[in-house]
Amino acid sequence: MEYVSRVPRPPLDGLIDDLYYLAGAPPYARLTLPPMPGALLIVNLGPPFRIRAGADIETAEYPDGCVITTPTRAFEFGYPPRTRSVGAHVKPWGLAPFLPMPAAELCDRPVTVEQVWGRPAVAELRDRLATAAGPHEMLTLLEEELTRRLCETAGLGLVRHTSSVIAAAGGAVAIGDLSAAAGVSSTHLAQRFKELVGVTPKRLARTQRFTAAMLAIDFAGPIDWGELANGAGYFDQAHFGHEFRAFTGLTPTRYAEVRRRFLREHPGSALDGWPLPAD
């Protein structure tokens, strides 16, 4: 697969980790995406893809792309044989200035880009992207569109600062200390987070801690799950195992087997890093 990415210019760099272009044949027809401390915007330029946002939800088709606020459960992506899209990996608070509704309304409910920005605007954007000279021009067009749509958002500074503190601590923080440091009540902080991130600070910290633990794993050698759990701030290995199943649907041992399968079958894949084979 072809993958091109870059960090956007200010002020978008305070909201978005990177803009990217992805095209080619996916390594697997279905990929599971565990919860992550971030959001996602995809503008689809190829055949529709499908998303199942949890085992209890029907699979839905997304022809024009999708918007996903910070998730609390694993999603399953179904790709066509050839896929092509541009998108943005967004910081937890980063979608709020582009949404016409509170982020909490989209929590674990991926929507099409049309549902957020309207059909005429999205159709025009997709046409311009489809006729661009190449990936770099496409990323510039997406960056210009996002810059044009950027809106002032009340409470963004508070949420951004607190989220950054959570990330710096790897999710191992006392939520009461966060609200006290910010000089607001825990209720106010939670409400702002739900409006702008889609989840509470406690839930974001839980996701951040799990992500930090996952990124610390070296799959090339044996894994000491007890040491990993302790380093990530879990009560014990049993607590870590419970979180693992809640986030991925797999035991830690099974997760390692699936991740190693990905690394073995598709070394260096643009999609290896967080998604797992769902087949």
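Above: the structure in question.
Anyway, here's the lowdown on the structure attached to this text. The model shown is predicted, which means the values in this text are computed figures rather than measured ones.

Looking at the environment of Leu15
Topologically, Leu15 is positioned in the loop between strand 1 (2-6) and strand 2 (16-24). With a relative accessible area of 5%, Leu15 lands in the buried category. Apart from the residues lying within four places of it in its own chain, the contact partners of Leu15 are Val90, Lys91, Trp93, Gly94, Pro97, Phe98, Leu150 and Leu156.

Considerations on the packing of helix 7 (residues 201-215) against helix 9 (residues 237-248)
Packing of helix 7 against helix 9 leaves a shortest axis separation of 11 Å and a crossing angle of 100°. Compared by their axis directions, helix 7 and helix 9 come out roughly perpendicular. Contact with helix 7, carried on its side by Arg203, Arg206, Thr207, Arg209, Phe210, Ala213 and Met214, involves His239, Phe240, Glu243, Phe244, Ala246, Phe247 and Thr248 of helix 9 and no other residues of that element. Here the residues of the contact of helix 7 with helix 9 are counted per class, giving seven nonpolar, three polar and four charged.

As for the side chain of Ser85
In this fold, Ser85 is placed in strand 9 (residues 83-90). On the accessibility criterion, Ser85 (4% relative accessible area) is buried. Setting aside anything within four residues of it in sequence, one finds Ser85 in contact with Tyr20, Tyr21, Leu22, Ile42, Val43, Asn44 and Leu45.

Looking at the sheet that holds strand 10 (residues 276-277)
A sheet is described by the order of its strands in space; here five strands give the open sequence 6-5-8-3-10, paired in antiparallel fashion. On the outer flanks of this sheet lie strand 6 (60-62) and strand 10, each paired with one strand and no other. Note: strand 3 (residues 30-33) against strand 10, two bridges, orientation antiparallel. In the strand pairing of strand 10, Thr32 is matched with Leu276.

Thresholds applied
- Residues numbered from 1 in each chain as written.
- Predicted model: local features only at pLDDT ≥ 70, side-chain atom pairs only at ≥ 80, totals over all residues.
- Heavy atoms only, no water.
- Helix = DSSP H or I, 4+ residues; strand = E, 2+ residues; numbered from the N terminus.
- Buried < 20%, exposed > 50% of the residue type's maximum accessible area, 1.4 Å probe, protein only.
- Contact = heavy atoms within 4.5 Å.
- Axes fitted to C-alpha atoms, helices over the stretch in contact; angles between N-to-C directions.
- Parallel < 35°, antiparallel > 145°, perpendicular 65-115°, else oblique.
- Nonpolar A, V, L, I, M, F, W, Y, C, P; charged D, E, K, R; others polar.
- Pairing = 2+ DSSP bridges.

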